[in-house]
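Okay, here's what each chain looks like letter by letter:
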Amino acid sequence: MALKFIFGGSGSGKSHYLYERIIEEAGENPGLSYLVLVPEQFTMQTQKDLVMMSPAKGIMNIDVLIFEETGKGGFPVLDDEGKNLVLRKIGGDLEGELTVLKGNMRRLGYVSEVKSVLSEFMQYDVGEEQLDQVIAGEQEGSYLSFKLQDLKRLYRSFQVYLKERYTTKEELLDVLAKVAGESALLKKSTVVLDGYTGFTPVQNRLLGELMTICRDV
């Protein structure tokens, strides 16, 4: 595998240069695959740019993907609305154990906020141990410590409920990282990353696997 970086200031033409190179290489190697990973908001624009820059005005062996769209798993993927429904049920089941969040879990839009927090926990590898460390650093009986304890209870119950039932899009990358070595497609692929300002720990784990498997990154 060859790891290549393209450096340049903002607006200097890094993406344009990168896409030109990929289009040229893809044309010369029709039997190989080129996977362009970009943030979700850039997916359509990147596809359009690649098509317009291509001499044939079409791309055959180039795919534009986002991290969350790539994965392999044996369980159905739970979408955001599904997460909200599960959390609403769990919030009702745990109502007697919650303190700060007890009444709030019934408020319009609050479950969605809790869902977003738990999704961040998953993406950034925040588990119960990390939450316990933060709670221990707070003044005993403080509002924040009670709130974090509530979130920990919800987080634990959420993960228990999902086990053997569903997977989440945040977990798909870990699933892919575990099976990436079995993929014949990845072994003959060049992976291109563009538009990111940084990566989550989960994304970094997958990138580490891709760097040992793919032809080029």
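Provided above is the structure to which this section pertains.
Remember, it's a predicted structure, so these values are computed and weren't measured experimentally.

## Some thoughts on the overall build of the protein chain
Line of reasoning, step 1. On a plain count of helices and strands, the protein chain comes out with 9 helices and 5 strands.
Line of reasoning, step 2. Counting from the amino terminus, helix and strand elements in the protein chain follow one another as α-β-α-β-β-α-α-α-α-β-α-α-β-α.
Line of reasoning, step 3. In terms of overall dimensions, the protein chain is more spread out than a globule: its C-alpha atoms have a radius of gyration of 21 Å, far above the 17 Å expected for 217 residues.
Line of reasoning, step 4. When its C-alpha atoms are laid out on the principal axes, the protein chain stretches across 65 × 40 × 30 Å.
Line of reasoning, step 5. Here the contacts in the protein chain between residues at least 6 apart in sequence split such that 79% fall between residues at least 24 apart.
Line of reasoning, step 6. Roughly 12,500 Å² of accessible area belongs to the protein chain as shown, and the carbon and sulfur atoms make up 53% of that amount.
Line of reasoning, step 7. Within the protein chain, one finds 25 positive and 32 negative side-chain charges whose respective centroids are separated by 3 Å.

## Regarding helix α3 (residues 80-93)
Line of reasoning, step 1. Between the first and last C-alpha of α3 there are 20 Å, a value that for 14 residues agrees with the 20 Å anticipated at 1.5 Å per step.
Line of reasoning, step 2. As for α3, its buried residues are in contact with β3 (77-78), α4 (110-123), α6 (143-162), β4 (167-168) and α7 (169-179).

## Some thoughts on the sheet that holds strand β1 (residues 33-37)
Line of reasoning, step 1. Read across the open sheet, the 3 strands follow the order β2-β1-β5; overall the sheet is parallel. A strand with exactly one partner marks an edge of an open sheet, and here the two such strands are β2 (62-65) and β5 (189-193). Looking at each pair of strands side by side, their axes are set apart by 20° on average, direction ignored.
Line of reasoning, step 2. Alignment of β1 against β5, held across 5 bridges, turns out to be parallel. Looking at β5, one finds that Ser33 is bridged to Ser189.

Analysis parameters
- Residues numbered from 1 in each chain as written.
- Predicted model: local features only at pLDDT ≥ 70, side-chain atom pairs only at ≥ 80, totals over all residues.
- Heavy atoms only, no water.
- Helix = DSSP H or I, 4+ residues; strand = E, 2+ residues; numbered from the N terminus.
- Rg over C-alpha atoms; globule rule 2.2 N^0.38 Å.
- Contact = heavy atoms within 4.5 Å.
- Areas by Shrake-Rupley, 256 points an atom, 1.4 Å probe, with all protein chains shown as cover.
- Lys, Arg positive; Asp, Glu negative; His and termini not counted.
- Charge placed at Lys NZ, Arg CZ, Asp CG, Glu CD.
- Expected span 1.5 Å × (residues − 1).
- Pairing = 2+ DSSP bridges.
- Axes fitted to C-alpha atoms, helices over the stretch in contact; angles between N-to-C directions.

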